[in-house]
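Fold and contact review
Letter by letter, the chains look like this.
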Amino acid sequence: MRRNSRDAELRERARLVIPGGMYGHESAALLPDTFPQYFARADGAYLWDCDGNRYVDYMCAFGPNLLGYRHPAVEAAAAAQAAEGDTMTGPSEAMVVLAEDFVSMISHADWAIFCKNGSDATSMAMVTARAYRDRKKILVARSTYHGASPWNTPSLKGIVPEDRAHIITFDYNDLDSAKAAFRSAEGDVAGVFATPFRHEVFADQFLPSAEYATGLRRLCDEADALLIIDEVRTGFRLSRDCSWAVHGVAPDLSAWGKVLGNGHPISALLGSDKARQAASSIYVTGSFWFSAVPMAAAIATLNAIRSTDYLERIVAVADRLRDGIDEQARRHGIPVRQTGPAQMPLILFDDDPDMRKGSFWTGTAARLGVYMHPYHNMFCCAAMTPADVDDTLEITDRAFAELKNALPSLPAQPNERLLQRLAQRR
Ligand SMILES: Cc1ncc(COP(=O)(O)O)c(C=O)c1O
């Protein structure tokens with residue numbers, strides 16, 4: 001039997017009944033064929049594909065796995081709530097407890113509204129900002145990702161210009177560009193989206209300057225517009241508070257998702273008193289937004305965030321991985337760039353505009369039992385141990401050696417779908 005025969009069969013069946021064949025993260029669907037698309041189970045730091053192959057998983061479900069898959073305390077809390085009731089005619093006590101927990105943990109937050117996906121939270125932030133002073137314009141840094149709604153999805157298929165008529169873009173980490181965007185809005189800025197650090201696909205990650213963070217806050221204050229921090233991807237992996245608290249910047253709104261229930265579906269919009277009236281005035285709801293099981297899971301997750309050294313452990317394994325990869329890249333003479341916070345690693349190869357080196361290297365690692373991504377930021381979780389990293393490094397070392405041998409023939413293996421996607425972005 002081939003290593004991925006069940007995966008191949010599921011892809012074939014999916015092609016018939018699911019548009020595009022692989023409903024899911026575009027960043028997974030575009031991966032080379034050596035990567036599995038379908039998974040059977042997950043535990044701690046590991047993932048098993050539908051053919052039974054095990055991986056040390058550096059994607060963590062594209063973020064949600066913070067403490068380890070099937071974390072015992074989170075799953076026990078979810079199971080206890082499930083035994084009582086989940087989606088009911090109204091919320092359970094868990095919703096109030098969870099909101100209280102957020103308000104006590106996140107320094108800028110005076111209230112919380114819960115939803116399901118990050119896109120729910122960012123869209124609700126946009127609507128709240130517009131309701132705040134009845135203004136229209138929303139400022140967003142160019143090419144930053146805030147979700148898959150018509151106003152912000154990176155693909156323009158099916159989107160009409162009117163969907164984005166009041167979105168104004170500016171350059172990340174460039175205060176002059178942000179000022180110009182404010183000027184062009186002529187007093188009609190409702191809110192500004194800020195990304196904790198620049199983490200877009202295909203490009204090196206970088207941190208904002210303190211001047212940029214404090215400058216955006218000042219510009220919003222001068223214009224009486226709301227500052228919105230999108231923590232959906234970064235939340236609780238950089239800090240136990242909102243990430244720009246290190247710069248002394250408190251947003252008016254922050255959008256959270258992914259990790260909140262350690263894999264259970266829940267996201268949140270948090271806000272300060274300044275935005276409370278606006279948030280009370282908008283119409284938002286969803287059939288599953290009040291489900292109690294994800295809220296119970298989130299209460300347990302926040303408890304672990306408060307009371308354990310999960311973050312310090314994540315940073316320690318992440319640094320170990322980064323140092324090991326750096327040493328291997330130097331020894332094999334294949335330069336790589338590792339950018340952004342180590343706990344959200346991105347590894348790009350020099351002279352690799354179409355990601356072929358990265359695709360080959362991560363594809364080889366996947367074949368050998370390590371799931372990494374060639375051009376999307378990865379995620380470390382608290383279930384990873386130094387021994388997992390050492391096992392990983394043994395495999396990446398082999399992947400570097402195979403890449404070195406394969407380098408002369410790599411141009412013969414383009415990934416057409418990926419090349420098309422890259423061309424669209426450039
Ligand atoms: C920064 C950021 N904002 C918003 C979203 C949208 O979240 P979701 O996919 O849960 O709707 C994402 C998803 O990756 C994200 O990374």
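Residues numbered from 1 in each chain as written. Predicted model: local features only at pLDDT ≥ 70, side-chain atom pairs only at ≥ 80, totals over all residues. Heavy atoms only, no water.

**Section: the site of the ligand**
The full set of residues close to the ligand is Asn-117, Gly-118, Ser-119, Tyr-145, His-146, Gly-147, His-199, Asp-230, Val-232, Arg-233 and Lys-258. A distance of 2.7 Å separates an oxygen atom of the ligand from a polar side-chain atom of Ser-119. Contact between the ligand and Lys-258: an oxygen atom at 3.1 Å from a side-chain N or O atom of the residue. When isolated, the ligand has an accessible area of 390 Å², and the protein chains bury 85% of it. Counted by class, the shell around the ligand contains two nonpolar, six polar and three charged residues. (Near = heavy atom within 4 Å. Polar contact = N/O pair within 3.5 Å; in protein donor to acceptor, adjacent residues only side chain to side chain. Areas by Shrake-Rupley, 256 points an atom, 1.4 Å probe, with all protein chains shown as cover. Nonpolar A, V, L, I, M, F, W, Y, C, P; charged D, E, K, R; others polar.)

**Description of the packing of aromatic side chains**
The tally for this structure, following the rule as stated, stands at 16 aromatic pairs. With a centroid separation of 4.9 Å and an interplanar angle of 40°, the aromatic rings of Phe-236 and Trp-256 are classed as tilted. Of this pair, Phe-236 sits in the loop between strand 8 (226-230) and strand 9 (253-256) while Trp-256 sits in strand 9; the two residues are 20 residues apart in sequence, bridging distant segments of the chain. As far as burial versus exposure is concerned, Phe-236 and Trp-256 are alike and both buried. Put simply, the rings of Phe-35, Phe-39, Tyr-55 and Tyr-371 pair up and form one aromatic cluster. (Phe/Tyr/Trp six-rings, centres within 6.5 Å; stacked < 30°, edge-to-face > 60°. Helix = DSSP H or I, 4+ residues; strand = E, 2+ residues; numbered from the N terminus. Buried < 20%, exposed > 50% of the residue type's maximum accessible area, 1.4 Å probe, protein only.)

**Notes on the domain arrangement of the protein chain**
As assigned here, the protein chain comprises domain 1 (5-62 + 309-425) and domain 2 (72-307). Computed from C-alpha atoms alone, the centre-to-centre distance between domain 1 and domain 2 is 28 Å. Tallying the contact residues gives 26 residues for domain 1 and 20 residues for domain 2. Of the roughly 2,000 Å² buried between domain 1 and domain 2 on both sides combined, carbon and sulfur atoms contribute 58%. Counting the contacts that link domain 1 with domain 2 gives two salt bridges. Residues Glu-312 and Arg-240 are paired through a salt bridge, measuring 2.9 Å at the closest nitrogen-oxygen approach. Our count for the domain 1 to domain 2 interface comes out at 10 residue pairs in polar contact (both at pLDDT 80 or more). Taken together, the elements giving at least two residues each to the side of domain 1 that touches domain 2 come down to helix 10 (310-332), strand 11 (336-339), strand 12 (346-349) and helix 13 (416-425). Considering each element in turn, the side of domain 1 that touches domain 2 owes the most residues, four residues, to helix 13. (Domains from an automatic or database assignment. Contact = heavy atoms within 4.5 Å. Buried area = accessible area lost by both parts, 1.4 Å probe. Salt bridge = Lys/Arg side-chain N within 4 Å of Asp/Glu carboxyl O.)

**Things to note about helix 3 (residues 72-84)**
Residue pairs spaced three or four apart in an α-helix point in one direction, given the helix's 3.6 residues per turn. The terminal C-alpha atoms of helix 3, which comprises 13 residues, lie 19 Å apart, in line with the 18 Å expected from a rise of 1.5 Å per residue. Taken residue by residue, helix 3 has Val-74, Ala-78 and Gln-81 as its buried positions. Buried residues of helix 3 fall within an arc of 65° about the axis and therefore sit on the same side. Opposite its buried face, helix 3 presents the exposed residues Pro-72 and Ala-83, each directed more than 90 degrees away. Residues of helix 3 that are buried make contact with helix 9 (292-307). Of the residues trailing helix 3, Gly-85 is marked for its positive phi of about 155°. (Expected span 1.5 Å × (residues − 1). Arc of directions from axis to C-beta.)

**Observations concerning the packing of helix 3 against helix 9**
Interhelical geometry of helix 3 versus helix 9 gives an angle of 150° and a closest axis separation of 8 Å. Relative to helix 9, the element helix 3 lies roughly antiparallel. The handedness of the crossing between helix 3 and helix 9 is right-handed. Listed contacts from helix 9 to Ala-73, Val-74, Ala-77, Ala-78, Gln-81 and Ala-82 of helix 3 are Ala-292, Val-293, Ala-296, Ala-297, Ala-300 and Thr-301. (Axes fitted to C-alpha atoms, helices over the stretch in contact; angles between N-to-C directions. Parallel < 35°, antiparallel > 145°, perpendicular 65-115°, else oblique. Left-handed = near helix turned anticlockwise from the far one by under 90°.)

**Quick look at helix 5 (residues 118-133)**
Its 16 residues place the ends of helix 5 24 Å apart at the C-alpha level, agreeing with the 22 Å of an ideal helix rising 1.5 Å per residue. All buried positions along helix 5 are accounted for by Gly-118, Ser-119, Ala-121, Thr-122, Ser-123, Met-124, Ala-125, Met-126, Thr-128, Ala-129 and Tyr-132.

**Quick notes on the pattern of salt bridges**
Enumeration according to the criterion identifies 22 salt bridges in this entry. Across the salt bridge formed by Asp-354 and Arg-356, the nearest N and O atoms sit 2.4 Å from each other. Salt bridges sharing partners connect three or more residues here, namely Arg-217, Asp-221, Asp-252 and Lys-274.

**Remarks on unusual backbone geometry**
At Ala-61, a residue that is not glycine, the phi angle is positive and equals roughly 60°. Its place among the elements puts Ala-61 in the loop between strand 3 (54-57) and helix 3. Residue classification places Ala-61 among the partly exposed positions, given a relative accessible area of 37%. Positive phi outside glycine occurs at Asn-173, with the angle close to 70°. Checked against the element boundaries, Asn-173 lands in the loop between strand 6 (167-170) and helix 6 (175-184).

**A word on the sheet that holds strand 6**
If you trace the seven strands from one edge of the open sheet to the other, you get 4-10-9-8-7-5-6, paired in mixed fashion. Bordering the open sheet on either side are strand 4 (111-115) and strand 6, each of which pairs with just one other strand. Going across the sheet, the axis of each strand differs from the next one's by a mean of 20°, ignoring polarity. Relative to strand 10 (residues 267-271), strand 4 is paired through five bridges, and the arrangement is antiparallel. Among the inter-strand pairings, Phe-114 is bridged to a residue of strand 10, identified as Ala-268. Set on the sheet, helix 4 (residues 93-105) makes contact with strand 4 and strand 10; between it and strand 4 the angle comes to about 130°. The sheet contacts of helix 7 (residues 210-223) involve strand 5 (137-141), strand 6, strand 7 (189-194) and strand 8, and relative to strand 8 the element is tilted by about 145°. (Pairing = 2+ DSSP bridges.)

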